[in-house]
Amino acid sequence: MVVAGGLKGMVYQQAGKMVASVIRHADIQTFGKLLMTVGSLSKEPAKSALKKLGLMAQEEHPMIVKWIEIFQKSSPKCVEKIINNLIINEYAIGEPLRQKLMHEHKVVLPKLGVISPTYACNINCVGCYAGLYGRKYELTKEEVRSVLKQGEELGIYFWVITGGEPFYWPYLMEILEEFDNHYFMIYSNGILITEEKAKKLAELGNATLSISVEGFENETDWRRGKGVYKSILNTWDRLRRHGIPFGASVTATRVNHDTIMKEEFWDFLEQNGVSYVWIYQFMPVGQDPVMDLVPTPEQRYERFFVTEKMRLSGRFAFVADFWNHGFLTHGCLSAGAKYFHVNAKGYVEPCVFQQFAVDSIREKTLLEIFKSPFFEAYKRMIPFNNNLFRPCPIIDNPKVFRAMVKNFNAIPQHEGSEKTITELAPELDKLAESWAKYADKLWYEHGYVERYPVNRGIYNYETRMKRYANREEALKVDKKLSV
């Protein structure tokens, strides 16, 4: 195994092992010092983000206390890999390398990658964006290896694996084992995670599982198929027993909105050992996209207060409402600003929901794609709106999305994907207009505008150098945080 970062990396790795051992005995102050130290080695905005977490640890914030609790329940190897791969490799080694290469290649590099090695799946969910292709579209093992190696050369050590169903792809466990210095988050329906696979995941330690659930049994089985809910409970039990930290991925729709709003649902997640929760608003994308399940603006507004309460509660390591928490990510993450998506056809999309692409990994390197006119146009405009509660180009700024696709002749990745910019355009414009009223209320009346910066163009190298080369302070994640 090659240690990331050479000799310095070896020193970090050994320190990380010691810290991991201490953390499993509940020393929150040591964890806080680690975050502060790694932060001091980073550049903005990672620098202030890590300092903020370090200060939270020193103050024993409930969320950080929850992290320590999760570490105590996780296998030793899982804790070691979170410290070494997710924190040290990603920030102390990866971030400085990305900064160095940014200047060398004159391109802002993303912090993480998303890859779908297959569109194949063992179930058929209502409204799934991935399509129903069987094994028609898959990446080879060598293609995935190449993408991960290219990413590592650019300082990317954190990858999200989605699909399709990742565990349906035959080489998944081999990839996790080979790329032992990377950290992976795997989105899965959970059904194919056997006892043997759970044991192996605990031994490897470099992956966390985000298991999809729609609510309780009725909501989950309605969308995912009869018996899926019980399979999820069995998988959660398996992961708990083997000490693998896992989360829940919840698609918010008009159908399950009331369930997400209930305290009972969050109690259910917490009682089952769910460490973190992703809320993904249903998107009108994929094959034959429809608006029927898209939450109303009123529902999205109501949901924010619940997910924000849960985010700050300390009941979970984190809760992220992907669209409603745009103020935490400086708007949209796509097109290499912070992440990108390699789909099962080999095309590189701005994100998993913006299913149009110009370039393929089978024709260009990742670096060439990050520097492409298509991606650079995105990065010059992010955030797309001065209100970070309106981050998304699809449902919040649809005219921007349509312009991007049209100007660069981006290819729809699914039969029917083009409906998002044609037939559904009037409905999406109306949705965005209706949401804007609620978003403005949150942004201005609730004071978020006073705390979170809007720095357009920081993901485009030329703009970043012109505006912020000598103003790193302006890039910090929180205006009120002293760095």
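Scoring rules and cut-offs
- Residues numbered from 1 in each chain as written.
- Predicted model: local features only at pLDDT ≥ 70, side-chain atom pairs only at ≥ 80, totals over all residues.
- Heavy atoms only, no water.
- Helix = DSSP H or I, 4+ residues; strand = E, 2+ residues; numbered from the N terminus.
- Contact = heavy atoms within 4.5 Å.
- Buried < 20%, exposed > 50% of the residue type's maximum accessible area, 1.4 Å probe, protein only.
- Pairing = 2+ DSSP bridges.
- Right-handed = clockwise from strand over helix to strand, strands pointing away.
- Arc of directions from axis to C-beta.
- Polar contact = N/O pair within 3.5 Å; in protein donor to acceptor, adjacent residues only side chain to side chain.
- Disulfide = S-S within 2.5 Å.
- Patch = residues over 30% accessible without salt bridge, like charges linked within 9 Å, V, L, I, M, F, W, Y side chains within 5 Å.
- Areas by Shrake-Rupley, 256 points an atom, 1.4 Å probe, with all protein chains shown as cover.
- Salt bridge = Lys/Arg side-chain N within 4 Å of Asp/Glu carboxyl O.
- Phe/Tyr/Trp six-rings, centres within 6.5 Å; stacked < 30°, edge-to-face > 60°.
- Lys NZ or Arg CZ within 6 Å of the ring centre and 35° of its normal.

Novice: How would you explain the environment of V38 if you had to name every residue and give the values?
Specialist: Following the sequence through the fold, V38 ends up in helix α2 (residues 28–40). It is 39 Å that separates the C-alpha atoms of V38 and T259, two residues lying 221 residues apart in sequence. Here V38 is in contact with L50, I87, Y91 and A92, once residues within four sequence places are set aside.

Novice: I'd like to hear about the pairing of strand β6 (residues 276–281), residue by residue, with values.
Specialist: In terms of burial, β6 is a largely internal element, six of the six residues being buried. Because side chains alternate across β6, one face comprises the buried residues Y276, W278 and Y280, and the other comprises V277, I279 and Q281, equally buried. Sheet topology note: the strand β5 (residues 246–252)/β6 ladder contains six bridges and is parallel. In the sheet register, S249 faces β6, and the bridge partner there is W278. After leaving β6, the chain enters helix α13 (residues 297–313) and then returns to the sheet as strand β7 (residues 318–321), a path that is right-handed.

Novice: How would you sum up the side chain of Q281? Please name residues and give values.
Specialist: The residue Q281 is located in strand β6 in this model. Judged by relative accessible area, Q281 falls into the buried class, the value being 3%. Leaving out residues up to four positions away in the same chain, Q281 has contacts with A252, V294, P295, R300, R303, W323 and I395.

Novice: Describe in detail helix α8 (residues 195–204), supporting the description with residues and values.
Specialist: Since one α-helical turn is 3.6 residues long, residues separated by three or four positions face the same way. Buried within α8 are the following residues: A198, L201, A202 and L204. Buried residues of α8, seen end-on, are gathered within an arc of 165° and therefore sit on one face of the element. Looking at the packing, one finds that the buried side of α8 touches α5 (76–105), α7 (172–178), β4 (207–212) and α10 (228–241). G205 occupies a position one or two residues after α8 and carries a positive phi of about 80°.

Novice: Any chance you could break down the environment of H330 for me, citing the residues and the numbers?
Specialist: In this fold, H330 is placed in the loop between β7 and β8 (341–342). Sequence separation between H330 and K441 is 111 residues, and the spatial gap between their C-alpha atoms is 18 Å. Setting aside its immediate chain neighbours within four residues, H330 contacts K338, I382, P383, L388, P453, V454, N455, I458 and Y459. Among the polar contacts listed, one links the side chain of H330 to the backbone nitrogen of N455, at a separation of 2.8 Å.

Novice: Run through the state of the cysteines, naming residues and quoting values.
Specialist: Counted according to the given criterion, the structure contains zero disulfides. Summary of cysteine pairing: C125 is not part of a disulfide, and the nearest cysteine sulfur, belonging to C128, is at 5.9 Å. Relative accessible area serves as the criterion here: at 12%, C125 is assigned to the buried category. Taking relative accessible area as the criterion, C128 reaches 35% and is therefore assigned partly exposed.

Novice: Explain unusual backbone geometry residue by residue, including any values.
Specialist: In this chain, G163 is followed by G164 through a cis amide linkage whose omega measures 15°. As for its placement among the helices and strands, G164 is situated in the loop between β2 (158–161) and α7. With a phi angle near 55°, E60 is a residue other than glycine that sits in the positive phi range. Position of E60 relative to the elements: it lies in the loop between α3 (46–58) and α4 (62–73). One non-glycine residue, D288, lies in positive phi territory at about 50°. Examined against the element boundaries, D288 turns out to sit in the loop between β6 and α13.

Novice: Any chance you could break down the sheet that holds β6 for me, citing the residues and the numbers?
Specialist: Hydrogen bonds along the backbone pair up the strands of a sheet, which may run parallel or antiparallel. Taken in spatial order, the nine strands of this open sheet run β7-β6-β5-β4-β3-β2-β1-β8-β9, and their pairing is mixed. Strand pairing shows two members of the sheet lacking a second neighbour, β7 and β9 (348–349), which therefore form its edges.

Novice: Lay out a nonpolar patch on the surface with the relevant residues and their values.
Specialist: Together, V126, W222 and V255 make up an exposed nonpolar region whose accessible area comes to about 270 Å². Turning to its location among the elements, V126 is positioned in the loop between β1 (112–115) and α6 (141–153). V126 sits in the partly exposed class, given a relative accessible area of 34%.

Novice: I'd love a proper account of the pattern of salt bridges, names of residues and values included.
Specialist: Pairing of side chains with opposite charge becomes possible as their charged atoms draw close. The full count for this structure, using the stated rule, is 32 salt bridges. Put simply, R224 and E214 hold a salt bridge, and the shortest N to O gap is 2.7 Å. Residue R224 is found in helix α9 (residues 217–224), and its partner E214 is found in the loop between β4 and α9; the two are separated by ten residues along the sequence. R224 gets classed as buried once you look at its relative accessible area, which sits at 9%. For D237, the salt bridge identified is with R240, shortest N-O distance 3.4 Å. Pair noted here: D237 and R240 are both in helix α10, with a separation of three residues, about one helical turn. Ionic contacts of the salt-bridge type, sharing partners, join the residues E195, D237, R238, R240 and R241 into one network.

Novice: If you had to explain the packing of aromatic side chains to someone new, which residues and values would you point to?
Specialist: Aromatic ring pairs are reported here in terms of the distance separating the ring centres and the angle at which the planes meet. Under the counting rule described, the total for this entry stands at 42 aromatic pairs. Residues Y301 and Y438 carry aromatic rings whose centres are separated by 5.1 Å and whose planes lie at 45° to one another, so their mutual orientation is tilted. A residue pair is termed long-range when its members are at least 10 positions apart, and Y301 in helix α13 and Y438 in helix α17 (residues 425–445) qualify at 137 residues. Note on Y301: relative accessible area 15%, which makes it buried. On the basis of relative accessibility, which here comes to 22%, the residue Y438 falls in the partly exposed class. In this structure an aromatic cluster arises from ring pairing among Y301, F304, F305, F327, F389, W435, Y438, W443, Y448 and Y452. Here the basic side chain of R300 rests over the ring of W435, its NZ or CZ set 4.0 Å away from the ring centre.

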